[in-house]
Amino acid sequence: MTLIAQSIALFFLVAGTAFSLIGIFGFLRLPDVYTRLHASGKVSVFGVVFLLIAAILLTPLSAWKGLLLIFFVLLAAPSVSHALASAAYKTGIPMARVERDDLKGKLEKSGEEG
Amino acid sequence: MERILDITLWVVLGLHLLMALIVVWRVWRGENSVARLMGLDLASTLTLAVLVIVAMLRQNSIYIDVAIALAALSYISTVAIAKFISDHKVF
């Protein structure tokens, strides 16, 4: 395989692992559930997508499957974070430092239909 | 160049498995159910990353199909459990 493709894949491999490490570090250190969602989002979006780009470059016959998985991961990650955040908010998990809480009074009205 | 790639792949595989262990330990010690659910979602994403690395190591693209199935399953189960936690009913 050409040297250029391998070096690009190596770069994406290292970048993906770096993002996963940062995400896991954030997951362990951040104060409460809501801020921790940033970290888990980063891992599942940047970490896996960069690894997949490296996989597309390295493994044979994996171009279209890799693109499909990249598309699916990029589609799934935000909605998972949203589902987790709304579950956390509805079960009343406190925020570490509340700057603004726009949803405070409104949730009860929308609770019946939701 | 092949040598460097192989070594990096093995190191990256070890790192991801270590991270998965840390996340599972954190799920074990989780303070509330949503934090635990987030840890599970993170662990499945890391397993997905491990699958992709194994696809690169074995030079066989069947592992990416497995990763697609894992991504779909983990997405649906996490959203279903999150809905169950917030409303105590899924549908």
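Being a predicted model, the structure only gives us computed values, none of them experimental. (Residues numbered from 1 in each chain as written. Chains lettered and ligands numbered in written order. Predicted model: local features only at pLDDT ≥ 70, side-chain atom pairs only at ≥ 80, totals over all residues. Heavy atoms only, no water.)

**Thoughts on the overall build of chain B**
For step 1, the next point in the chain: Counting its secondary structure elements, chain B contains three helices and zero strands.
For step 2, the next point in the chain: When the elements of chain B are put in sequence order from the N terminus, they spell out α-α-α.
For step 3, the next point in the chain: For chain B, whose C-alpha radius of gyration is 16 Å, the value lies well above the compact-globule estimate of 12 Å for 91 residues.
For step 4, the next point in the chain: Each of the three principal axes of chain B carries a C-alpha extent, and together these read 55 × 30 × 15 Å.
For step 5, the next point in the chain: Buried positions account for 46% of the 91 residues belonging to chain B. (Helix = DSSP H or I, 4+ residues; strand = E, 2+ residues; numbered from the N terminus. Rg over C-alpha atoms; globule rule 2.2 N^0.38 Å. Buried < 20%, exposed > 50% of the residue type's maximum accessible area, 1.4 Å probe, protein only.)

**What about the confidence of the model for chain B?**
For step 1, the next point in the chain: Averaged over chain B, the pLDDT score is 90; the fraction of residues at 70 or greater is 100%.
For step 2, the next point in the chain: Overall fold confidence (pTM) sits at 0.88, and the ipTM for the predicted complex is 0.87. (pLDDT = per-residue confidence, 0-100.)

**Quick word on the packing of aromatic side chains**
Pairs of aromatic rings are described using the distance from one ring centre to the other and the angle between the two planes.
Residue and element names in this part refer to chain A.
For step 1, the next point in the chain: On inspection of all chains with the given rule, the structure shows six aromatic pairs over all chains.
For step 2, the next point in the chain: The interplanar angle of 20 degrees and the centroid separation of 4.6 Å between the aromatic rings of phenylalanine 19 and phenylalanine 46 together place this pair among those described as stacked. Here phenylalanine 46 lies in helix α2 (residues 33-58) and phenylalanine 19 lies in helix α1 (residues 3-29), a separation of 27 residues in the sequence.
For step 3, the next point in the chain: Judged by relative accessible area, phenylalanine 19 falls into the partly exposed class, the value being 27%.
For step 4, the next point in the chain: Note on phenylalanine 46: relative accessible area 36%, which makes it partly exposed.
For step 5, the next point in the chain: Ring geometry for phenylalanine 19 versus phenylalanine 50: centroids 5.7 Å apart, planes at 75 degrees, classification edge-to-face. One end of the pair, phenylalanine 19, is in helix α1; the other, phenylalanine 50, is in helix α2, with 31 residues separating them in the sequence.
For step 6, the next point in the chain: Taking relative accessible area as the criterion, phenylalanine 50 reaches 18% and is therefore assigned buried.
For step 7, the next point in the chain: Each residue in the set Phe11, Phe12, Phe19, Phe46 and Phe50 is aromatic and connected to the rest through ring pairs, giving one cluster. (Phe/Tyr/Trp six-rings, centres within 6.5 Å; stacked < 30°, edge-to-face > 60°.)

**Digging into the pattern of salt bridges**
For step 1, the next point in the chain: All chains considered together, the criterion is met by five salt bridges over all chains.
For step 2, the next point in the chain: Residue arginine 26 of chain B pairs with glutamate 31 of chain B through a salt bridge whose shortest N-O separation is 4.0 Å.
For step 3, the next point in the chain: Overall, the relative accessible area of 46% leaves glutamate 31 of chain B in the partly exposed class.
For step 4, the next point in the chain: The shortest N-O distance in the salt bridge between lysine 83 of chain B and aspartate 87 of chain B comes to 3.0 Å. On the criterion of helical spacing, the pair formed by lysine 83 of chain B and aspartate 87 of chain B is a turn pair, its members being four residues apart in helix α3 (residues 62-87).
For step 5, the next point in the chain: The exposure class assigned to lysine 83 of chain B is partly exposed, which follows from its relative accessible area of 30%.
For step 6, the next point in the chain: A cluster of three or more residues bridged by salt bridges with shared partners is formed by Arg36 of chain A together with Arg26 and Glu31 of chain B. (Salt bridge = Lys/Arg side-chain N within 4 Å of Asp/Glu carboxyl O.)

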